Amino acid sequence: MQINLAKRLGKLPPYLFAELDRLKKEVQAKGVDVISLGIGDPDLPTPHYIVTALRRAAEKPVNHRYPDYEGMESFRAAAAQWYKRRFGVNFDARAEVCALIGSKEGIGNFSTAVVDPGDIVLIPDPGYPVYFSGCTFNGGEAYFLPLKKQNGFLPEFSAVPSEIARRAKLLWINYPNNPTGAVADLSFFKTAVDFCLSNNIILAHDLAYSEIAYDGYRAPSVFQVEGARECAVEFHSLSKTFSMTGWRVGFVVGNATLVAGLGKVKTNMDSGVFQGIQEAAITALEGGEETLREYCRIYKERRDVMVAALRDLGLACEAPKATFYIWAEVPKGYTSASFSERVLKEAGVVITPGSGFGNSGEGYVRLSITLATERLKEAAERIKALKL
Ligand SMILES: *Cc1c(COP(=O)(O)O)cnc(C)c1O
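Residues numbered from 1 in each chain as written. Predicted model: local features only at pLDDT ≥ 70, side-chain atom pairs only at ≥ 80, totals over all residues. Heavy atoms only, no water.

(A) Broad picture of the overall build of the protein chain. Scanning the protein chain from N- to C-terminus turns up 15 helices and 12 strands. Its C-alpha radius of gyration of 21 Å places the protein chain within 12% of the 21 Å reference for a compact globule of 388 residues. Once the C-alpha set of the protein chain is aligned to its principal axes, its extents read approximately 60 × 60 × 55 Å. When each of the 388 residues of the protein chain is scored for burial, the buried share is 56%. Of the charged side chains in the protein chain, 45 are positive and 44 negative; the average position of the first set lies 2 Å away from that of the second. (Helix = DSSP H or I, 4+ residues; strand = E, 2+ residues; numbered from the N terminus. Rg over C-alpha atoms; globule rule 2.2 N^0.38 Å. Buried < 20%, exposed > 50% of the residue type's maximum accessible area, 1.4 Å probe, protein only. Lys, Arg positive; Asp, Glu negative; His and termini not counted. Charge placed at Lys NZ, Arg CZ, Asp CG, Glu CD.)

Here you go:
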């Protein structure tokens, strides 16, 4: 028989990291010791106190059963408490917080909750690929908002044609930003909230990198802006903050109707986060400031090493105030893809072509500093030897 997969799968570009992985394996197969600055996945381990909490929680039979899809009350309360401490914002843990199997799950399913076929979704370009996948799987129409260097990699809402703004259903933003490393202040969030309220657009803010910050920078929450609760949700993840990418736990906060909508999708599609992991996540959210500061100090040291090395090579880049990504301009005569390919094949270093995050990422590459400083230095040396 002939197997025909759903047409929606054909509408997706190949998942960027899968492509990179394939090429990386090809180079590795030739015996090259590949250094990967590709995927943003913390190399620093989950802090020990969190692992201990999981070990304890795993012993309890009550945790072995199906969890509630929306998360344990104690987990949602801990998430709300964390928001109050960190941002001074109050949420009703029952109605305005929902646990997620990592924020990627929530981001994907949120589109199912709010996007109808033909709806316009405003998506930053470059951006995290899941905003587009969620839009496309649900028959939405993506309208890309270019993030340009001259605007500090913030979208310009005033440049959105009024016809598009009127038809738009959902806007995605993400600051501190992956892949550009850019940050936004409260006045930008206020502009976003005003734009959404005046055009009846749902605002979804992806705050995955709020705690990975340097030089005294503190990332704000969109809920520090008045009126945000009328239109917005904010996705948060323990993945980057606590080096817990493999654990799959995050949460969403915000407008109760929107949170309930996502919850409805989830009841139908999944059965929540393992309770043992939720208990460990509560422990994570309740403490460990010391470890987090130490981790940020390590990332900052790496950032400084890498930024200096890149500038030495003649690649223009900003030192990011947050995230563990450096967004660097490719040398003259290269595209994002041709430069990344040469660096991988000849230097054995994986970097991510900016164009993989959208057309406006052309001319850039993203380097992730989730590797020991010594390896970063070696990667820089190897790229230097290419004599660009
Ligand atoms: C890593 C990341 C996420 C998702 O993280 P989870 O592990 O699924 O919680 C979401 N958004 C951005 C921009 C990310 O970089």
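(B) Here's a closer look at the nonpolar core. Judged by nonpolar contacts, the single largest core of 64 residues is most densely connected at L171 and L203. Two domains each provide a minimum of three residues to this core, namely domain 1 (8-45 + 290-384) and domain 2 (48-286). Ignoring any residue separated from it by four or fewer positions in sequence, one finds L171 in contact with L122, L145, F157, F195, C196, I201, I202, L203 and A204. Counting residues in each nonpolar core, the second largest holds 34 residues, with Y299, M306, F339 and I383 among its members. (Core = buried A, V, L, I, M, F, W, Y, C linked by side-chain atoms within 4.5 Å. Domains from an automatic or database assignment. Contact = heavy atoms within 4.5 Å.)

(C) Structural context of the domain arrangement of the protein chain. Entries for the protein chain in the domain assignment read domain 1 (8-45 + 290-384) and domain 2 (48-286). For domain 1 and domain 2, the distance between their C-alpha centroids amounts to 25 Å. Domain 1 puts 33 residues into the contact, and the matching count from domain 2 is 33 residues. Inspection of the region where domain 1 meets domain 2 yields 3 salt bridges. (Salt bridge = Lys/Arg side-chain N within 4 Å of Asp/Glu carboxyl O.)

(D) Structural context of the site of the ligand. In the vicinity of the ligand, 14 residues are found, and the nearest of them are D206, Y209, S237, S239 and K240. One nitrogen or oxygen atom from the main chain of S103 is found 2.7 Å from an oxygen atom belonging to the ligand. A distance of 2.6 Å separates an oxygen atom of the ligand from a polar atom in the side chain of Y209. Burial of the ligand by the surrounding chains reaches 94%, relative to a free accessible area of 390 Å². Counting only elements with at least two residues in the shell around the ligand, the list comes to α5 (103-114) and α10 (238-241). (Near = heavy atom within 4 Å. Polar contact = N/O pair within 3.5 Å; in protein donor to acceptor, adjacent residues only side chain to side chain. Areas by Shrake-Rupley, 256 points an atom, 1.4 Å probe, with all protein chains shown as cover.)

(E) Here's a closer look at the pairing of strand β5 (residues 168-173). Burial runs high along β5: 5 of the 6 residues are buried. Two strands pair when backbone bridges link them, and strand β3 (residues 120-125) and β5 are joined in this way by 3 bridges, in the parallel orientation. The partner of I120 across the bridge, within β5, is A168. Handedness of the crossover joining β5 and strand β6 (residues 202-206) through helix α8 (residues 186-199): right-handed. (Pairing = 2+ DSSP bridges. Right-handed = clockwise from strand over helix to strand, strands pointing away.)

(F) Broad picture of the pattern of salt bridges. Evaluated as defined, the whole model comprises 30 salt bridges. Residue K169 is joined to D119 by a salt bridge in which the shortest nitrogen-to-oxygen separation is 3.7 Å. With K169 in strand β5 and D119 in the loop between α5 and β3, the pair connects residues that are 50 residues apart, well separated along the chain. We note a salt bridge from K377 to E374, for which the minimum N-O separation is 3.9 Å.

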